[in-house]
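# Fold and geometry: a report
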Amino acid sequence: MNTNSNTYTIVYTTILVVLVAAVLAVAATALKGRQTDNMNLEKMKTIMLSTGFGLDEQGAVDKTADFKNLYESHIGNTLVVNCKGETVEADAFSLNLKAEYANLKAGAEASLPVYECTMEDGRNVHILALYGAGLWGAIWGYIALEDDWQTVVGAIFDHASETPGLGAKIAEPAFYTQFAGKVMEKDGAFSPVAVIKGGATDRAKDVDAISGATITSRAVSDMLSVWLAAYLPYIEAQKAMAAVAEEPAETAEESVITEENAMEE
């Protein structure tokens with residue numbers, strides 16, 4: 001065959017493209033399991049970081065932490081709820097948060113993951129998912145709440161492509177460590193943490209925005225507002241159940257006191 005002919009060039013190029021495509025397909029198939037494992041590990045890591053597990057004393061990520069072991073040791077229960085506060089049949093870990101965010105923005109029904117974590121001191125905290133749109137791409141994270149469903153244990157955030165040194169700072173300790181200890185309550189009603197430009201005035205509830213990253217800071221605030229509003233029916237239902245569970249003990253206690261008073265009389 002004439003190597004200088006157009007036919008040779010076309011045949012050679014076609015064979016080369018087919019061979020490269022075949023190699024890439026085989027490589028992608030062979031690596032798919034490892035890629036899935038890495039993505040799952042990254043999700044476990046983010047979930048645990050929201051509770052403070054895997055953070056060092058300065059609030060930075062401890063690179064020696066075994067996040068898979070932390071997740072398996074401390075996450076005892078996972079569930080999925082809808083925007084009515086009802087539990088639905090679904091796997092919390094495998095939910096596509098991007099798709100659920102699109103549902104929330106469209107006013108459609110969405111599935112919301114809840115992770116129950118047992119802390120080292122035995123108390124239970126509840127981890128809720130977050131997803132939104134930043135300046136240049138997606139942002140996401142998790143926020144962990146105490147059993148009162150309004151005190152923040154911690155929060156963690158990440159992004160796809162925010163500006164380095166500006167919006168990208170949402171993934172740095174100086175920003176996300178501000179959330180620990182905030183109380184999401186105002187005038188007796190549930191009120192999400194807000195990210196305030198120019199400095200938070202309500203230090204018990206809100207956090208400072210990132211200087212020079214107004215749009216990303218606002219995006220984090222909006223993300224918290226959208227998702228926590230969706231979770232609110234479930235949160236209120238859990239508070240109501242806790243209140244009912246406490247009533248019998250209080251009633252029994254009052255009964256004993258009344259009986260003792262009657263005996264004294």
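You'll find the structure just up there.
Residues numbered from 1 in each chain as written. Predicted model: local features only at pLDDT ≥ 70, side-chain atom pairs only at ≥ 80, totals over all residues. Heavy atoms only, no water.

Where nonpolar side chains cluster on the molecular surface, the patch consists of Tyr 12, Leu 16, Val 20 and Leu 24 and spans about 400 Å² of accessible area. Looking at the secondary structure, you find Val 20 in helix 1 (residues 6-49). (Patch = residues over 30% accessible without salt bridge, like charges linked within 9 Å, V, L, I, M, F, W, Y side chains within 5 Å. Areas by Shrake-Rupley, 256 points an atom, 1.4 Å probe, with all protein chains shown as cover. Salt bridge = Lys/Arg side-chain N within 4 Å of Asp/Glu carboxyl O. Helix = DSSP H or I, 4+ residues; strand = E, 2+ residues; numbered from the N terminus.)

Our focus in this paragraph is the packing of aromatic side chains. A complete count under the given rule lists eight aromatic pairs for this structure. Ring geometry for Trp 149 against Tyr 234: centres 5.6 Å apart, planes inclined by 85 degrees, an arrangement best described as edge-to-face. Here Trp 149, found in the loop between strand 5 (138-145) and strand 6 (152-159), pairs with Tyr 234, found in helix 5 (residues 214-264); they are 85 residues apart in sequence, far enough to count as distant. Accessibility expressed as a relative area gives 5% for Tyr 234, which makes it buried. On the numbers, 5.6 Å between centres and 75 degrees between planes, the contact of Phe 175 with Phe 179 is edge-to-face. Given a relative accessible area of 3%, Phe 175 falls into the buried group. Grouping aromatic residues by their ring pairs yields a cluster made of Phe 157, Phe 175 and Phe 179. It is Lys 43 that lies over the ring of Phe 93; its NZ or CZ is 4.9 Å from the centre. (Phe/Tyr/Trp six-rings, centres within 6.5 Å; stacked < 30°, edge-to-face > 60°. Buried < 20%, exposed > 50% of the residue type's maximum accessible area, 1.4 Å probe, protein only. Lys NZ or Arg CZ within 6 Å of the ring centre and 35° of its normal.)

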